[in-house]
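Letter by letter, the chains look like this.
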Amino acid sequence: MWKKTGPKQAALLAAALALLAGCDSRTATEKGQDLAKEKLDFVQGIGNVVKGQGKDLGGTVGEGVGNVVTGLGKGFDASLQAKPVRLADPEAAKAVQVTRAQELPAAADGKSKGMTVYIVSENGYEGSLRLLAMSGGAEVGRSTAKAKIDKGDAKYVDFSFDERVPLTSVDQYSLVLVK
């Protein structure tokens, strides 16, 4: 019944079996949806780790360590433009908390001219805030803005930088209360 096969026939049979085993009956749309879900699960996993580590950092703010916010909250597209903001000192951490920061929408020339920072204040804050742009540990620009945040409220504060500040090379920002 079975004929003895040679090396060519065995290779052909193995290739045919591999093709049959590798067939995927899903449509291109289904394959794309599965791939997108896998990538979103990956991003969500990263966000959960950052969120967990952020809670640990929040507990040390009172001890003088700056609070870092990376912007990996909700919205994958916004987090692509998010920048870390560190509160400069424990006094700042008592007055305000930063929960999100990202570049302002690009101007007509396509370049961002600043940052918008979402600031929460449990006790209220009125005064000036300074945002220092840092690249490799060195200050490359600064912007000051006035803010009035009612007790238990929050708002976005926009910081405009000189057009010569190389925002694309900034790796973090430092927020300072101006006295």
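Keep in mind it's a predicted model, so treat the numbers as computed, not measured. (Residues numbered from 1 in each chain as written. Predicted model: local features only at pLDDT ≥ 70, side-chain atom pairs only at ≥ 80, totals over all residues. Heavy atoms only, no water.)

## Digging into the nonpolar core
In this structure, L131, F159, F161, Y173 and L175 are the most contacted members of the largest nonpolar core, which totals 27 residues. Looking at this core, the elements that each hand over two or more residues are β2 (85-87), α4 (90-95), β3 (97-103), β4 (114-121), β5 (125-135), β6 (138-149), β7 (153-160) and β8 (172-178). The greatest single-element share of this core, amounting to 4 residues, is contributed by β5. Residues within four places of L175 in sequence aside, it is in contact with V85, R86, L87, A88, V96, V98, I119, L129, R130, L131 and F159. (Core = buried A, V, L, I, M, F, W, Y, C linked by side-chain atoms within 4.5 Å. Buried < 20%, exposed > 50% of the residue type's maximum accessible area, 1.4 Å probe, protein only. Helix = DSSP H or I, 4+ residues; strand = E, 2+ residues; numbered from the N terminus. Contact = heavy atoms within 4.5 Å.)

## Considerations on the confidence of the model for the protein
For the protein, per-residue confidence averages 73 on the pLDDT scale, and 54% of positions sit at 70 or higher. Contacts from residues 55-80, a stretch scored under 50 in pLDDT, to residues over four places away or in other chains number 38 contacts. (pLDDT = per-residue confidence, 0-100.)

## Observations regarding the packing of aromatic side chains
Two descriptors summarise a pair of aromatic rings, namely the distance from one centre to the other and the angle between the planes of the rings. Following the criterion strictly, the structure yields 2 aromatic pairs and no others. For the ring pair F161 and Y173, a centre distance of 6.1 Å and an interplane angle of 45° mean the geometry is tilted. One end of the pair, F161, is in the loop between β7 and β8; the other, Y173, is in strand β8, with 12 residues separating them in the sequence. Judged on exposure class, the residue F161 and its partner Y173 are both buried. (Phe/Tyr/Trp six-rings, centres within 6.5 Å; stacked < 30°, edge-to-face > 60°.)

## Side note on the pairing of β6
Pairing of β5 with β6 involves 11 bridges; the strand directions are antiparallel. Of the residues in β6, the one forming a bridge with Y125 is I149. Linking β5 to β6, which pair antiparallel, is a turn of 2 residues; within it G136 sits at a positive phi near 60°. (Pairing = 2+ DSSP bridges.)

## Quick look at the pattern of salt bridges
If you walk through the whole model with that rule in mind, you get 4 salt bridges. One salt bridge in this structure joins E91 and K179, with 2.7 Å as the shortest N-O distance. Placement of the pair is E91 in helix α4 and K179 in the segment after β8, with a sequence separation of 88 residues. Residues D162 and R164 are paired through a salt bridge, measuring 2.7 Å at the closest nitrogen-oxygen approach. Under the relative-accessibility criterion, D162 is labelled partly exposed at 37%. (Salt bridge = Lys/Arg side-chain N within 4 Å of Asp/Glu carboxyl O.)

## A few points about the sheet that holds β4
Strands pair in a sheet through their backbones, by hydrogen bonds, and they do so in one of two ways: parallel or antiparallel. Pairing in this open sheet of 3 strands is antiparallel, and the strands run β3-β4-β7 from one edge to the other. Here the strands that pair on one side only, and so sit at the sheet edges, are β3 and β7. Averaged over neighbouring strand pairs, the angle between their axes works out to 20° when direction is ignored. Sheet analysis places β3 next to β4, joined by 6 bridges and oriented antiparallel. Within β4, the position partnered with R100 by the bridge is Y118. (Axes fitted to C-alpha atoms, helices over the stretch in contact; angles between N-to-C directions.)

## Considering the environment of I119
One can find I119 in strand β4. As for I119 and V157, which are separated by 38 residues in sequence, their C-alpha atoms are 7.1 Å apart. Leave out the neighbours within four places in its chain, and I119 touches V96, Q97, L129, I149, D153, A154, K155, V157 and L175.

## Digging into the environment of E139
With respect to the element layout, E139 can be found in strand β6. Note: C-alpha distance between E139 and Q172 (33 residues apart in sequence) is 9.7 Å. Ignoring any residue separated from it by four or fewer positions in sequence, one finds E139 in contact with L132, A133 and M134. Here R142 takes part through its side chain, which lies 2.7 Å from a polar atom of the side chain of E139. (Polar contact = N/O pair within 3.5 Å; in protein donor to acceptor, adjacent residues only side chain to side chain.)

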